[in-house]
Amino acid sequence: MQNQNFTDTIQNIASLINQLKFDEANMLLETIKENPNKEIILTLNGLMELRKKNYENSINFFVSAIEKNPNYLLAYTNLASAYEKLNDFINAEKYLNESIKLNPKSDLLQNALGLMIYKQDKIKESMSYFQKAIEINPLNANAYFNIGNANFSLKKFLPAKENFLSTLQINKNYPDAFFNLAECEKKLKNFENALFYYKIALQEKLTWLRKDKITAKILESYLILNKKEEYVSEISLLIKNDTDNRRIAATSAFISSQFKIEDEYPFCPKPLDFIYKTSLKSYFKNYDQFLNQIFEEVTKEKFQWEPSGKTTRKGMGTQGNLSENKLKMMKVFEDAVLKELQNYFTFYSKEKITFIKNWPSKFKIISWSNRLKKQGYNITHIHPGGWVSGVMYLKMPKDIKNDEAGIEFSLHGDDYHIVDKNIPTKLYTPAVGDLLFFPSSLFHRTIPFESNEERVVIAFDLCSYNNK
């Protein structure tokens, strides 16, 4: 009976942690702190830190749990999860391997190990683990989905298509599988099929970010199929629901240009006209000193090489939101940025577009720093969660030629289908201390450079507090 009570308490604590009810979980933990199963208590503490996003702390708890009991599986699996959250896929792989030694017949662990290997760009190697997961459990839809992604990455679109179809045979409510199936059909030039599957994917319950991405793909499909009337009709429907969607604004600006029609989506139909080059010099008595101070402060932060899910190539980026790190000079920088932002708004205040008309009354700043090395660059992207985006240049390589290390703005991005190659672009080669503002819906990329010197920037999104 005593063991059953302990088991029930453990389950209750785990449930409270998952609900983010940490105070209540701690109260229950106090009632079992004298229990001899220390590895369980340590793991629960680690889980709590993991859910609080205190990943380093959680790792310490899980390691301690393993020291108490080297055969405690949950400590290994959660330790792998903590390292994954830190984008340390090598250590995540290590501890998943240890987990599999303890439970070699787990299809879930085989699939998870495959994912960690996949995230290290070891695509072919990852596939054997997805296949093992399927051999253990032929109904593991996630393993079929992941092997499909691997085949897609290897440009094996027909096998990938079959993998996604297998996923859907097991789980018909898998919107990402429908979306990736559509992507396969697009690569195989079965454009009508692609449009069909994009529309199915859109019917599922999705995050707003994912929904926008699929809607953009549907709009692109109308361009590929030369269905101008359907495209115009779709844009009209979208306008009725939301006039401020940055992903749709970016897509509409490009496709309207390709169709050679006026862009009806009202957020920012001509985003290239809203790039604003300035500096913060007027806010500082000694601007060079400020630039040196913030450079020193920011470059002491933790950087990760080619962070997962980001656009940086051959360079490093900070993790999380710099604006939440309580950095002295960053606070000074942000105050000056918000003042200069008012000048940006004033300059365009007479424009009859929702980017200006619906200007947020209050902004939240999300910031990060990128440090590009030789041949480093950022791939083309937008910032759909922002309203205004910006970049401040702290260091620029000196030994550069032509447009190297510059920033290019364009209507084209996301590998959209091109009909007319005459695509409007604007290029800037900034200097140290320059600041650029631009609509978050505008595609942009950085130009690689051959210099051995670094290119260091602070990039940021100014997000509406009322944002989705």
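Quick note: structure is the one above.
Residues numbered from 1 in each chain as written. Predicted model: local features only at pLDDT ≥ 70, side-chain atom pairs only at ≥ 80, totals over all residues. Heavy atoms only, no water.

Engineer: Honestly, the overall build of the protein chain in this entry has me stumped. Any pointers?
Structural biologist: The secondary structure content of the protein chain amounts to 18 helices and ten strands. Dimensions along the principal axes, computed over C-alpha positions, put the protein chain at roughly 75 × 60 × 45 Å. Pairs at least 24 apart in sequence give 70% of the contacts found in the protein chain among residues at least 6 apart. With the model as given, the accessible surface of the protein chain reaches about 23,500 Å², and the carbon-plus-sulfur share is 49%. (Helix = DSSP H or I, 4+ residues; strand = E, 2+ residues; numbered from the N terminus. Contact = heavy atoms within 4.5 Å. Areas by Shrake-Rupley, 256 points an atom, 1.4 Å probe, with all protein chains shown as cover.)

Engineer: So what exactly am I meant to see when it comes to the sheet that holds strand β6 (residues 407-410) here?
Structural biologist: Strand pairing in a sheet takes place through backbone hydrogen bonds and is either antiparallel or parallel in direction. If you trace the three strands from one edge of the open sheet to the other, you get β7-β6-β9, paired in antiparallel fashion. A strand with exactly one partner marks an edge of an open sheet, and here the two such strands are β7 (425-428) and β9 (443-446). Adjacent strand axes in the sheet meet at a mean angle of 20° when their direction is disregarded. With four bridges connecting them, β6 and β9 associate as antiparallel partners. (Pairing = 2+ DSSP bridges. Axes fitted to C-alpha atoms, helices over the stretch in contact; angles between N-to-C directions.)

Engineer: Is there a simple way to explain the sheet that holds strand β4 (residues 363-378) in this structure?
Structural biologist: Taking strand neighbours across the sheet as the criterion, the seven strands line up as β1-β8-β5-β10-β4-β3-β2 in an open arrangement whose pairing is antiparallel. Sheet topology places β1 (276-279) and β2 (303-305) at the edges, where each strand pairs with a single neighbour. Pairs of neighbouring strands in the sheet enclose a mean axial angle of 25°, with direction left out of account. Note: β2 against strand β3 (residues 312-318), three bridges, orientation antiparallel. Across the sheet, Gln-304 pairs through a bridge with Gly-317, a residue of β3.

Engineer: Would you mind showing me how to read the pattern of salt bridges here?
Structural biologist: A side chain with one charge may pair with a side chain of the opposite charge, provided their charged atoms come close. For the structure shown, the criterion picks out 18 salt bridges. Across the pair Glu-220 and Lys-186 runs a salt bridge whose closest N-O atoms are separated by 2.9 Å. In this pair, Glu-220 sits in helix α13 (residues 208-224) while Lys-186 sits in helix α11 (residues 175-187), placing the two residues 34 residues apart along the sequence. Taking the relative accessible area as the measure of exposure, Glu-220 reaches 1% and is therefore buried. Its relative accessible area of 15% is what places Lys-186 among the buried residues. A salt bridge links Asp-415 to Lys-187, with the nearest nitrogen and oxygen atoms 3.7 Å apart. In this pair, Asp-415 sits in the loop between β6 and β7 while Lys-187 sits in helix α11, placing the two residues 228 residues apart along the sequence. Assessed through its relative accessible area of 56%, Asp-415 is described here as exposed. Take Lys-187: its relative accessible area is 39%, and that puts it in the partly exposed class. When salt bridges with common partners are traced through the structure, they connect Lys-213, Arg-247 and Asp-414 into a single cluster. (Salt bridge = Lys/Arg side-chain N within 4 Å of Asp/Glu carboxyl O. Buried < 20%, exposed > 50% of the residue type's maximum accessible area, 1.4 Å probe, protein only.)

Engineer: How should the packing of helix α5 (residues 73-85) against helix α6 (residues 89-102) be read in this particular structure?
Structural biologist: Two measures define how a pair of helices packs: the angle their axes make with one another and the distance between the axes. Where α5 meets α6, the axes come as close as 8 Å, and the angle between the chain directions of the two elements is 165°. Our classification of the angle between α5 and α6 gives roughly antiparallel. Where α5 crosses over α6, the two elements pack in a sense that is left-handed. On α6, the residues that touch Leu-73, Tyr-76, Thr-77, Leu-79, Ala-80, Tyr-83 and Glu-84 of α5 are Phe-89, Asn-91, Ala-92, Tyr-95, Leu-96, Glu-98, Ser-99 and Leu-102. When its residues are assigned to classes, the contact of α5 with α6 shows ten nonpolar, three polar and two charged. (Parallel < 35°, antiparallel > 145°, perpendicular 65-115°, else oblique. Left-handed = near helix turned anticlockwise from the far one by under 90°. Nonpolar A, V, L, I, M, F, W, Y, C, P; charged D, E, K, R; others polar.)

Engineer: Is there a simple way to think about the packing of helix α16 (residues 287-299) against helix α17 (residues 328-347) in this case?
Structural biologist: Look at α16 against α17: their axes get within 8 Å of each other, and the N-to-C directions meet at 125°. It follows that α16 is oblique to α17 by the angle criterion. Crossing angle aside, the handedness with which α16 passes α17 is left-handed. Across from Phe-290, Gln-293, Ile-294, Glu-297 and Val-298 in α16, the residues of α17 making contact are Lys-328, Met-329, Met-330, Val-332 and Phe-333.

Engineer: Whenever I open this one, helix α12 (residues 191-203) confuses me. Can you help?
Structural biologist: Residue pairs spaced three or four apart in an α-helix point in one direction, given the helix's 3.6 residues per turn. The end-to-end C-alpha distance of α12, which contains 13 residues, comes to 19 Å, matching closely the 18 Å that a straight helix rising 1.5 Å per residue would cover. Regarding α12, the residues found buried are Ala-194, Leu-195, Tyr-197, Tyr-198, Ile-200 and Ala-201. (Expected span 1.5 Å × (residues − 1).)

Engineer: What's the story with the packing of aromatic side chains in this structure? I'm lost.
Structural biologist: To describe a pair of aromatic rings, you give the distance between the ring centres and the angle between the ring planes. Taken as a whole, this structure holds 34 aromatic pairs when the rule is applied. Measuring from centroid to centroid gives 5.6 Å for Tyr-276 and Phe-347, while their planes differ by 55°, and the two rings are tilted. Linking Tyr-276 in strand β1 with Phe-347 in helix α17, this pair joins segments that are 71 residues apart in sequence. Looking at Lys-52, its charged tip hangs above the ring of Phe-22, at a distance of 5.2 Å from the centre. Sitting over the ring of Phe-303, Arg-371 keeps its end group 5.0 Å from the ring centre. (Phe/Tyr/Trp six-rings, centres within 6.5 Å; stacked < 30°, edge-to-face > 60°. Lys NZ or Arg CZ within 6 Å of the ring centre and 35° of its normal.)

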